Amino acid sequence: MAEAHQAVAFQFTVTPDGIDLRMSHEALKQIYLSGVHSWKKKFIRFKNGIITGVYPASPSSWLIVVVGVMSTMYAKIDPSLGIIAKINRTLDTTGCMSNQTQNIVSGILFGTGLWVALIVTMRYSLKMLLSYHGWMFAEHGKLSAGTRVWMALVKLFSGRKPMLYSFQTSLPRLPVPAVKDTVNRYLESVRPLMDDGEFRRMEGLAKDFAFNLGPRLQWYLKLKSWWATNYVSDWWEEYVYLRGRGPIMVNSNYFAMDFLYLSPTTLQAARAGNVIHAILLYRKKLDRQEIKPILLMGSTVPLCSAQWERMFNTSRIPGEESDTLQHVKDSKHIVVYHKGRYFKVWLYHDGRLLKPREIEQQMQRILDDDSEPQTGEKKLAALTAGDRVPWARARQAYFSHGKNKQSLDAVEKAAFFVTLDDIEQGYRKEDPVRSLDAYAKSLIHGRCYDRWFDKTFTLIVFKNGRMGLNAEHSWADAPIVGHLWENVMATEYLELGYSEDGHCKGDTNQNIPIPTKLQWEIPEECQEVIERSLSTAIALADDVDFHSFFFDAFGKGLIKKAKTSPDGFVQLALQLAHYRNENKLKLFQLAAAKHQHLYRLAMTGAGIDRHLFCLYVVSKYLAVDSPFLKEVLSEPWRLSTSQTPQQHIDLKKNPEMLSCGGGFGPVADDGYGVSYIILDEDSIHFHVSSKISCSDTDSHRFGKNIQKAMVDIMGLFNLSKNCTK
């Protein structure tokens, strides 16, 4: 309660002589500075809204157009073809303006209308240009004259200095592929996996669907595509992620690792201080839209930036039938978990963001706090790790009022969640295999109660200063989190740095209020729910077989010399590892080219799974059964793969900043989940996951098969690592 009293701006007591009012100048100062900070953010958002709203033009271009119109008017030239005269006559009927004023207002109105028309024309032109996908299928390094002209036009209509969301209104709609095309591509993809009898049966189901039910479902899907810019994203988010009633830990959440070899400091509080500050600097840029949109094709083609919107101040909220995502516009605190206690840490003081050394001070205060967890507090987060329905019911029954609601609000409305772990993790040179495997398992599930799996991401800082992220999947895909993570690591290491003794640079500030312990009253009935959720989560975590390994026999440098896409090379190595067979160079090159063509089709909206999934959703809304769709969507994905892109860190300039990327759990009980990051010219990092309970899978065996497949395929090209071809 002491902290609460300190935060009150004034206190009063009633005495026989009247009311004794005591003002706290420090508290009033903090309230004033907090208000100033809030209004600054509102102004910046308003300003950025205008800049983004008129893009690819700029607010200053309005003045140029209006001045140009007014100049032609004074030169006795009518640029409006009579429109200004009509506006003049309309204004004349008001009888409240002089002729000169009418002329000025008419010119401004016409100039503004012309400016808006130019903006709309540029946006529509850019949207039409971006609808062209031929550039994606061009041979690497060989651009036709037509594609070069197209690139020049895109850059011309793209404006200057785009902000993060500048292109959102200019992006084309996601096209709906033809049903027959999707069905044919599906049959082509499954043909090698089926015998003749199975394939003939599936072919019959597919053709019946393509000619009968498919066109009816397609009509509704096309209708939706005209109403929504992306006909897939909302259904994918709801039905694939939010409606899942099983645990999201392992099954949905994924992780990101620290530098592989580099350890900037061994001080846990210092590492947390710099990294938290770097994350908040990223959030500041995000709020101001100062993060550049991701551009492909030589900084020409923009990608959608919508997934950045819910990166911070967001939490997944459990429901009995479906979860929801709760996002608040701003949050001025984080919540930190350490040894079973939850602490609320304010991020601002004196109207400014806390400096790295000040955040380190706050983290050290938490580490030095030796208080015991309250009853039921230690394992509370196990509710977020277990099944969703018990968590939804417990949240409604025990966390909808009183101090439990206040504390849960603090967690769910925090900017993000932080765990100060009391164990050591990370790569150890003397035991690389087991250390990386344990590190990966710690990040993906921990003890099952020391990460808040519902937050968009949990920052985990270990006792020895190593760190990582655990991210919830429904709000964004891994490349978005990867962009944050690379920027944070680069900012921490290259810009913020540490003093010689390992602390954050700068000075401490004893005037900052100490972190506040969250208060809980967890009844026995709720503790029983927590224990049941923990049992479910532990059973799932203990069943995860994780193998994380560094492959340095060669990297993308040698693969490119083989005139093959690095991603295509790795994907086919995974296929070969999954099913060993005879292979020849020509067959490999055909397969690599086919893989490249298929992922390009997927990038242009002509993929198989999303289209069939949305057709299936429509069939459920219409209450019609499709044996074809039911069978297609019930097929298990025994080999689920994902590449983490290297986006920000330049390993040629800073080779010591080699990172491990991140990984995820297996999608099928009898399958593998494989994530990989193509790092530099000479290395690739793999993360392989499977279930221990399945006798057919073994992550370490599969990892060895991946390495053997990589080397075997490269052997087809007769190239060595030192080859200069």
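Worth saying up front: this structure is predicted, and the values here are computed from it rather than measured.

Engineer: Could you give me a rundown of the overall build of the protein, with the residues and numbers involved?
Structural biologist: Per the secondary structure count, the protein includes 23 helices and 20 strands. The buried share among the 725 residues of the protein stands at 49%. A fraction of 78% describes how many contacts in the protein between residues 6 or more apart in sequence connect residues 24 or more apart. A total accessible area of about 35500 Å² is found for the protein, and carbon and sulfur atoms account for 56% of it.

Engineer: Quick one: what's the story with the sheet that holds strand β17 (residues 639-643), residue by residue and with numbers?
Structural biologist: The strand order across the open sheet built from 4 strands is β16-β20-β19-β17, with neighbouring strands paired in mixed fashion. The open sheet terminates on both sides in strands that have one partner only, identified here as β16 (544-551) and β17. Across the sheet, the mean angle from the axis of one strand to that of its neighbour is 15 degrees, orientation sign disregarded. In the sheet, β17 pairs with strand β19 (residues 672-680) via 5 bridges, with the strands oriented parallel. Bridge pairing links S640 to G673 in β19. Set on the sheet, helix α23 (residues 699-715) makes contact with β16, β17, β19 and β20 (683-691); between it and β16 the angle comes to about 30 degrees.

Engineer: A description of the nonpolar core should follow, citing residues and the corresponding values.
Structural biologist: For soluble globular proteins, the rule of thumb is that nonpolar side chains tend to be buried together. If you look at the biggest cluster of nonpolar residues, it comprises 103 residues, and the most contacted ones within it are I276, M311, I334, Y342, M363, F416 and L459. Per-element tally for this core: the top contributor is helix α11 (residues 268-287), with 9 residues. Aside from chain neighbours lying at most four places away, what touches F416 is I276, I279, L280, F312, I334, V335, K455 and F457. Residues A210, Y231, L612 and F628 belong to the second largest nonpolar core, which totals 31 residues.

Engineer: Before we move on, could you go through the packing of helix α8 (residues 196-211) against helix α9 (residues 213-227) and cite the residues and values that matter?
Structural biologist: Contact geometry of α8 with α9 gives a least axis separation of 3 Å together with a crossing angle of 50 degrees. One finds that α8 runs oblique with respect to α9. Taking contact as the criterion, the partners of D208, F209, A210 and F211 in α8 are, on α9, L213, G214, P215 and L217. Among the residues making up the contact of α8 with α9, the classes are represented as 6 nonpolar, 1 polar and 1 charged.

Engineer: Explain the confidence of the model for the protein residue by residue, including any values.
Structural biologist: On average, the protein scores 87 in pLDDT, and the residues at 70 or more come to 90%. Low pLDDT, under 50, characterises residues 1-10; the predicted model gives this stretch 17 contacts beyond four residues in sequence or across chains.

Engineer: Can you break down the packing of aromatic side chains residue by residue, with the values?
Structural biologist: Aromatic rings in a pair are described by how distant their centres are and how their planes are angled relative to each other. Going through the model one piece at a time under the given rule, you end up with 30 aromatic pairs. Consider the rings of W236 and F613, whose centres lie 5.0 Å apart with planes at 80 degrees: the pair is edge-to-face. With W236 in helix α10 (residues 233-242) and F613 in helix α21 (residues 609-621), this residue pair connects regions lying 377 residues apart in the sequence. There is no split in this pair, since W236 and F613 are both buried.

Engineer: If you had to explain a nonpolar patch on the surface to someone new, which residues and values would you point to?
Structural biologist: A cluster of nonpolar side chains, contributed by F43, F46 and I50, occupies part of the molecular surface with about 330 Å² of accessible area. Its place among the elements puts F46 in helix α2 (residues 25-54). Residue F46 is classed as exposed on the basis of its relative accessible area of 54%.

Engineer: An account of the packing of helix α3 (residues 59-74) against helix α5 (residues 99-130) is needed here, citing residue identities and associated values.
Structural biologist: Following both chains from N to C, one finds α3 and α5 inclined at 130 degrees, their axes separated by 8 Å at the closest point. By the criterion of interaxial angle, the relationship of α3 to α5 is oblique. The element α3 and its partner α5 pack so that their crossing is right-handed. Along its contact with α3, which presents P59, S61, W62, V65, V66, V69, M70, M73 and Y74, the element α5 presents N103, I104, G107, I108, F110, G111, T112, L114, W115 and L118. Residues of the contact of α3 with α5, tallied by class, amount to 14 nonpolar, 5 polar and no charged.

Engineer: So what's going on with the pairing of β20? Residues and values would help.
Structural biologist: With 9 of 9 residues buried, β20 lies mostly within the body of the structure. Alternating positions in β20 separate into two faces, S683, H685, H687, S689 and K691 on one and I684, F686, V688 and S690 on the other, with burial throughout. Where β16 meets β20, 8 bridges bridge the pair, whose relative direction is antiparallel. The residue bridging F549 from the neighbouring strand is F686, located in β20. Two elements, β19 and β20, share 7 bridges in a ladder whose sense is antiparallel. Across the sheet, S675 pairs through a bridge with H687, a residue of β20.

Engineer: So what about unusual backbone geometry? Which residues, and what values?
Structural biologist: Residue P56 follows Y55 across a cis peptide bond; omega there is 15 degrees. With respect to the helices, strands and loops of the structure, P56 is situated in the loop between α2 and α3. If you check the backbone angles, C448 has positive phi at about 75 degrees while not being a glycine. Note on placement: C448 falls in the loop between α15 (432-444) and β13 (457-461). Given the relative accessible area of 2%, C448 is considered buried.

Engineer: Kindly report on the side chain of R123, identifying the contributing residues and their values.
Structural biologist: In this fold, R123 is placed in helix α5. No salt bridge is formed by the buried R123; the nearest opposite charge belongs to E309, separated by 14 Å. Among the polar contacts made by the side chain of R123, one reaches the main-chain carbonyl oxygen of Y55 at a distance of 2.8 Å.

Thresholds, definitions, all that
Residues numbered from 1 in each chain as written. Predicted model: local features only at pLDDT ≥ 70, side-chain atom pairs only at ≥ 80, totals over all residues. Heavy atoms only, no water. Helix = DSSP H or I, 4+ residues; strand = E, 2+ residues; numbered from the N terminus. Buried < 20%, exposed > 50% of the residue type's maximum accessible area, 1.4 Å probe, protein only. Contact = heavy atoms within 4.5 Å. Areas by Shrake-Rupley, 256 points an atom, 1.4 Å probe, with all protein chains shown as cover. Pairing = 2+ DSSP bridges. Axes fitted to C-alpha atoms, helices over the stretch in contact; angles between N-to-C directions. Core = buried A, V, L, I, M, F, W, Y, C linked by side-chain atoms within 4.5 Å. Parallel < 35°, antiparallel > 145°, perpendicular 65-115°, else oblique. Nonpolar A, V, L, I, M, F, W, Y, C, P; charged D, E, K, R; others polar. pLDDT = per-residue confidence, 0-100. Phe/Tyr/Trp six-rings, centres within 6.5 Å; stacked < 30°, edge-to-face > 60°. Patch = residues over 30% accessible without salt bridge, like charges linked within 9 Å, V, L, I, M, F, W, Y side chains within 5 Å. Salt bridge = Lys/Arg side-chain N within 4 Å of Asp/Glu carboxyl O. Left-handed = near helix turned anticlockwise from the far one by under 90°. Lys, Arg positive; Asp, Glu negative; His and termini not counted. Polar contact = N/O pair within 3.5 Å; in protein donor to acceptor, adjacent residues only side chain to side chain.

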